[in-house]
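Chain by chain, the residues run as shown.
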Amino acid sequence: MLREDQIERYSRQVILPNVGGKGQEKLLSAKVLVIGAGGLGSPAGLYLVSAGIGKIGIVDSDKVELNNLQRQILHSTKNVGKPKVESGKERMREINPDVEVAPYNLRLTSENILDIVKDYDIIVDGSDNFPTRYLVNDACVLSKKPLSHGGIFRFDGQAMTIIPGKGPCYRCLFPEPPPPGAVPSCQEAGILGAVAGVIGVIQANEVLKFVLGIGEMLVGRLLVFNALDSSFRIVKVPKYKDCPICGENPTIKKLIDYEEFCQLKTQNKKNKNGG
Amino acid sequence: MEEKKPDATLDLRGVVCPINFVKTKLKLEEMNKGQILEIVIDPGEPMANVPRSIKEEGHRVIKVDKINDHFRLLIEKA
């Protein structure tokens, strides 16, 4: 049963057909993991906490930097220097004390990720690098956890939702990472803050639809956004039968070394502030 | 025709839009199809909005009475 203050707080969504009190109860008992408290994780996390998701985990190993604030709207000037997960938790609790926020001040690895994702219903990938993106995809496929993928670059963004067993995964779309250095990070390439906002909010919307069980998810459909001409396109993505993790004869049965997979080990690892 | 006896009642006098409708909707969710909910709402904005929203959700407003300066509605859950 919703409390009086919850009826008031969530009234504008409880009023919606297909949401109602039952939908709100679903949101209040849902557990969502947001990977990266950056450009995508900030808007996604803000809408999820506002909607009354019961528990939100946030994973990030970085501290807030001044150059983050142009797009990472979960953080504020006074929190520069603080761990992003602490800054994010503080802001989320200010917005909605109903929500339990679990901070993970760490970098995800093949060793720790499965133990973290197992406690959540759906995962939001707001990471800014290829090793983490493949790690998160593989961990979600192996754990059969739904995953909202989002990516941004300069004036472009994309999003797709992965439901293991139902549709294609990130590897069906991109079986291999690009060669190191072929794609510059946001640090080098730049990013318009609002582009991160558009994609992060689409990811939050996918999560809300999943939890409520309404609408059509972006499963097998890659949404491509261009900010300069304000266009959205949907590109159909089939399941790849030779996908190394979710294909007919998967070759990856446990998590691998993703730094090595993305050939970043020998590279200078300074490019970490991309997202 | 004899009036059906309500299965539940909500006094929503003094409750503003849209909270009056939200409370009606939440109460209806708990009830079974065909059961009757009685609500009492204020004239003006509530009377202009609440019956329409109830009908939009597919329920039937089966009776409206003006009692003093407020309205009493009987709603049949769809």
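Check the entry above for the structure.
Once a new chain begins, its residue numbering starts again from 1 and follows that chain's sequence as written. In the order they appear in the text, chains get letters beginning with A and ligands get numbers beginning with 1. Whole-chain, interface and lining totals are the exception, using all residues; otherwise, since this is a predicted model, local features are given only for residues with pLDDT of at least 70 and side-chain atom pairs are given and counted only at 80 or more. Hydrogen atoms and water are omitted, and side-chain values are computed over all heavy atoms in the structure.

Student: Tell me about the packing of aromatic side chains, and please be specific about residues and values.
Tutor: Note on aromatic pairs: the rings of Phe, Tyr and Trp (six-membered ring only in Trp) are paired at centre separations within 6.5 Å, and the planes decide the class, stacked below 30 degrees, edge-to-face beyond 60, tilted for the rest. For the structure on display, the rule yields 6 aromatic pairs over all chains. Ring plane angle 70 degrees and centroid distance 5.2 Å describe the contact between tyrosine 134 of chain A and tyrosine 170 of chain A, whose orientation is recorded as edge-to-face. Here tyrosine 134 of chain A is found in helix α7 (residues 130-143), whereas its partner tyrosine 170 of chain A is found in helix α8 (residues 170-173), with 36 residues between them in sequence. The same class applies to tyrosine 134 of chain A as to tyrosine 170 of chain A, namely buried. Where tyrosine 134 of chain A meets phenylalanine 261 of chain A, the ring centres are 5.2 Å apart and the plane angle is 75 degrees; that geometry is what we call edge-to-face. Taken together, the residues tyrosine 134 of chain A in helix α7 and phenylalanine 261 of chain A in helix α11 (residues 258-261) connect sequence positions 127 residues apart. In this structure tyrosine 134 of chain A comes out as buried when scored by relative accessible area, which is 0%. Taken together through their ring pairs, the aromatic side chains of Tyr134, Tyr170, Phe174, Tyr258 and Phe261 of chain A make up a single cluster. Over the ring of phenylalanine 130 of chain A we find arginine 133 of chain A, and its NZ or CZ is 5.1 Å from the ring centre. Over a ring means this: the NZ of a Lys or the CZ of an Arg is within 6 Å of the ring centre and within 35 degrees of the ring normal. Across from the ring centre of phenylalanine 71 of chain B, 5.7 Å away, lies the NZ or CZ of lysine 66 of chain B, which sits over that ring. Each helix corresponds to a stretch of at least 4 residues labelled H or I by DSSP, and each strand to a stretch of at least 2 residues labelled E; elements are numbered beginning at the N terminus. Partly exposed describes any residue whose relative accessible area lies between the buried limit of under 20% and the exposed limit of over 50%, with all areas from a 1.4 Å probe on protein chains only and scaled to the type maximum.

Student: Account for the nonpolar core, naming residues and giving values.
Tutor: All names here are of chain A. Each nonpolar core is a collection of buried residues, namely Ala, Val, Leu, Ile, Met, Phe, Trp, Tyr and Cys, held together in the definition by side-chain atoms within 4.5 Å. Ranked by internal contacts, the top residues of the largest apolar core, which has 34 residues, are Leu33, Leu108, Ile113, Ile123, Val136 and Cys169. When residues of this core are traced back to their parent elements, those giving at least two are β1 (31-35), β3 (100-104), α6 (113-117), α7, β6 (156-162), α8, β7 (221-226) and α11. Examining the composition of this core, we find that 6 residues originate from one element, α7, more than from any other. Contacts between residues were defined by any pair of non-hydrogen atoms, one from each residue, lying within 4.5 Å. Valine 136 has contacts with Ile35, Leu108, Ile113, Ile123, Asp125 and Leu147, leaving out every residue within four places of it along the chain. Counting 26 residues, the second largest nonpolar core, distinct from the first, contains Ala30, Val85, Val99 and Ala204.

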